[in-house]
Amino acid sequence: MKYRNPDAHGYYGNFGGAFIPEMLYPNVKELQDHYLDIIESEDFKKEFKDLLKNYVGRATPLYFSKNLSDKYQAQIFLKREDLNHTGAHKINNAIGQVLLAKKLGKQRIIAETGAGQHGVATATACALMGLECVVYMGEVDIARQAPNVARMKMLGATVIPATSGSKTLKDAVNEALRDWINHPTTTHYIIGSAVGPHPYPDMVARFQSIISEEIQSQLKEKIGRDNPDYIVACVGGGSNAAGAFYHFVENESVKIIAAEAGGHGISSGLSAATTALGSLGVLHGSKSLVMQTTDGQVIEPHSISAGLDYPGIGPMHANLFSQHRAEFIAINDDEALEMAYELTRLDGIIPALESAHALAVLKKKTFQKEDIVVICLSGRGDKDMETYLKAMK
Ligand SMILES: *Cc1c(COP(=O)(O)O)cnc(C)c1O
């Protein structure tokens with residue numbers, strides 16, 4: 001497999017690996033040594049699939065949008081991850097990792113969260129499976145994401161503010177890592193995207209790969225073949241994209257398109273378009289493309305959507321980009337907003353702002369009328385209503 005899985009050291013081509021402080025080595029090594037045996041075992045798969053079906057509500061529909069298809073002159077299907085319990089694809093990974101933590105004998109889960117979506121998914125899985133849950137969140141994010149903070153608390157999680165630095169996501173990551181170093185035997189750290197030191201990117205991609213597994217069988221049923229001409233997803237760190245691409249990456253007849261957050265425009269200084277602006281660097285434990293100054297300081301990203309407001313991408317995607325296996329298209333804030341309104345008015349589906357970036361690819365590419373285009377609708381827009389209302393003229 002050229003693109004799908006990393007080598008034994010966690011490398012996808014030139015990207016990946018595990019760049020961690022000495023003190024985290026035992027924790028990460030334990031995961032590296034055991035994750036594959038556990039998650040590929042028949043017992044684990046059975047339990048995981050059962051929860052995805054009966055608790056999360058999978059399989060999510062693969063919805064043929066006649067209205068989008070007419071407008072953009074292609075055969076357009078939406079993979080409805082927005083219909084999952086808790087409203088996005090993140091629950092797939094949270095359930096998988098909490099199950100894994102239980103198999104490893106852990107009693108305590110920690111996570112970091114920016115907008116709170118990953119925190120809510122993790123707190124949900126912990127409530128379900130009876131594990132203690134501690135979520136680190138920047139003080140600034142706690143103030144601006146009050147509804148998700150309330151959800152986490154109601155679910156029984158302890159939310160700890162990160163008060164250093166810019167008091168946002170990267171500071172929460174630092175606090176979570178400090179906690180993990182101090183509780184190596186009892187605690188599992190759940191990373192919410194396809195980023196971090198090996199084995200996280202591969203582990204998260206495997207848990208999310210249910211997305212493309214379902215797309216294959218649903219396409220087969222609907223159109224008699226199991227691969228689309230195009231698969232499209234947005235990339236923050238890259239977990240919904242990794243899941244949507246997973247079963248198609250080795251099939252070069254499937255064109256892969258990743259939407260990244262252009263913010264105010266890639267040359268505006270307010271952007272999160274990592275492939276357009278980034279260079280080789282190490283961020284959060286792996287070597288990948290990173291938005292950084294020439295002396296290696298991480299540049300503060302900007303996107304209207306919290307889930308895409310990240311200065312890096314996972315190593316799998318950095319490799320797909322550098323090998324020209326995937327095309328990356330930057331979608332600006334206003335283009336995503338416009339597309340969110342368009343889908344809402346055309347189909348009665350209010351998408352997450354992140355997902356609206358993937359949908360906006362329809363305005364950037366020209367397709368053939370018979371092309372099968374599958375777009376991953378990663379989440380629902382409830383969390384973005386304030387932004388949507390402000391933008392309404
Ligand atoms: C978090 C989030 C994303 C971005 O994360 P990835 O790991 O890149 O998938 C995209 N869409 C939604 C709805 C999210 O909540």
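Procedures and definitions
- Residues numbered from 1 in each chain as written.
- Predicted model: local features only at pLDDT ≥ 70, side-chain atom pairs only at ≥ 80, totals over all residues.
- Heavy atoms only, no water.
- Salt bridge = Lys/Arg side-chain N within 4 Å of Asp/Glu carboxyl O.
- Helix = DSSP H or I, 4+ residues; strand = E, 2+ residues; numbered from the N terminus.
- Buried < 20%, exposed > 50% of the residue type's maximum accessible area, 1.4 Å probe, protein only.
- Pairing = 2+ DSSP bridges.
- Axes fitted to C-alpha atoms, helices over the stretch in contact; angles between N-to-C directions.
- UniProt positions renumbered as here; feature names shortened; annotations may be inferred.
- Phe/Tyr/Trp six-rings, centres within 6.5 Å; stacked < 30°, edge-to-face > 60°.
- Lys NZ or Arg CZ within 6 Å of the ring centre and 35° of its normal.
- Parallel < 35°, antiparallel > 145°, perpendicular 65-115°, else oblique.
- Left-handed = near helix turned anticlockwise from the far one by under 90°.
- Contact = heavy atoms within 4.5 Å.
- Nonpolar A, V, L, I, M, F, W, Y, C, P; charged D, E, K, R; others polar.
- Near = heavy atom within 4 Å.
- Polar contact = N/O pair within 3.5 Å; in protein donor to acceptor, adjacent residues only side chain to side chain.
- Areas by Shrake-Rupley, 256 points an atom, 1.4 Å probe, with all protein chains shown as cover.

- The chain is annotated in an unreviewed UniProt entry as Tryptophan synthase beta chain of Bergeyella porcorum.

With respect to the pattern of salt bridges
Moving on, step 1. Following the criterion strictly, the structure yields 27 salt bridges and no others.
Moving on, step 2. Across the pair Glu-42 and Lys-45 runs a salt bridge, and its minimum N-O distance is 3.9 Å. Here Lys-45 and Glu-42 lie together in helix 2 (residues 42-56), a separation of 3 residues that amounts to about one turn.
Moving on, step 3. Measuring nitrogen to oxygen at the nearest pair gives 2.7 Å for the salt bridge that ties Arg-58 to Glu-81. One end of the pair, Arg-58, is in the loop between helix 2 and strand 3 (62-64); the other, Glu-81, is in the loop between strand 4 (75-80) and helix 4 (90-103), and 23 residues separate them in sequence. Accessibility classification places Arg-58 together with Glu-81 in one group, the buried group.

Section: the sheet that holds strand 13 (residues 326-332)
Moving on, step 1. Spatial ordering of the open sheet is given by 3-4-14-9-10-13, a layout of 6 strands whose pairing is mixed. Of all the strands in the sheet, just strand 3 and strand 13 have a single pairing partner and so form its edges. Within this sheet the neighbouring strands show an average axis-to-axis angle of 25°, counted without direction.
Moving on, step 2. In terms of strand pairing, strand 4 meets strand 14 (residues 372-377) through 6 bridges, oriented parallel. Bridge assignment links Lys-79 to a residue of strand 14, and that residue is Cys-376.

Some thoughts on the UniProt feature "modified residue: N6-(pyridoxal phosphate)lysine" (unreviewed entry) in the chain
Moving on, step 1. Taking the UniProt record as the reference, the feature "modified residue: N6-(pyridoxal phosphate)lysine" (unreviewed entry) is found at Lys-90.
Moving on, step 2. For Lys-90, the location among the structural elements is in helix 4.

Focus on the packing of aromatic side chains
Moving on, step 1. With the rule as written, the count across this model stands at 10 aromatic pairs.
Moving on, step 2. Centre to centre, the rings of Trp-180 and Tyr-200 are 6.4 Å apart; their planes meet at 70°, and the pair counts as edge-to-face. On the criterion of sequence distance, the pair formed by Trp-180 in helix 8 (residues 169-182) and Tyr-200 in helix 9 (residues 200-208) is long-range, its members being 20 residues apart.
Moving on, step 3. You can call Tyr-200 buried: its relative accessible area is 0%.
Moving on, step 4. Taken together, the ring pairs in this structure connect Phe-44, Phe-48 and Phe-207 into an aromatic cluster.
Moving on, step 5. Residue placement shows Lys-255 over the ring face of Tyr-230; its charged tip is 5.0 Å from the ring centre.

A short note on the packing of helix 5 (residues 117-129) against helix 7 (residues 146-154)
Two quantities define a packed helix pair, namely the angle between the helix axes and the distance between the axes.
Moving on, step 1. It is at 9 Å that the axes of helix 5 and helix 7 come closest, and there the two elements cross at 15°. Considered as vectors, helix 5 and helix 7 are oriented roughly parallel to each other. Taken as a pair, helix 5 and helix 7 cross one another with a handedness that is left-handed. Two secondary-structure elements touch here, helix 5 through Gln-117, Gly-119, Val-120 and Ala-123 and helix 7 through Asn-148, Arg-151 and Met-152.
Moving on, step 2. Partitioned by chemical class, the residues of the contact of helix 5 with helix 7 number 3 nonpolar, 3 polar and 1 charged.

Re the site of the ligand
Moving on, step 1. The ligand sits among 17 residues. The nearest are Lys-90, Ser-193, Gly-236, Ser-239 and Ser-378.
Moving on, step 2. In the model, an oxygen atom of the ligand is placed 2.8 Å from a nitrogen or oxygen of the Asn-240 main chain.
Moving on, step 3. One of the side-chain N or O atoms of Ser-378 is found 2.7 Å from a nitrogen atom in the ligand.
Moving on, step 4. Taken by itself the ligand offers 380 Å² of open surface, and the protein chains cover 97% of this.
Moving on, step 5. In terms of residue class, the shell around the ligand is built from 4 nonpolar, 11 polar and 2 charged.

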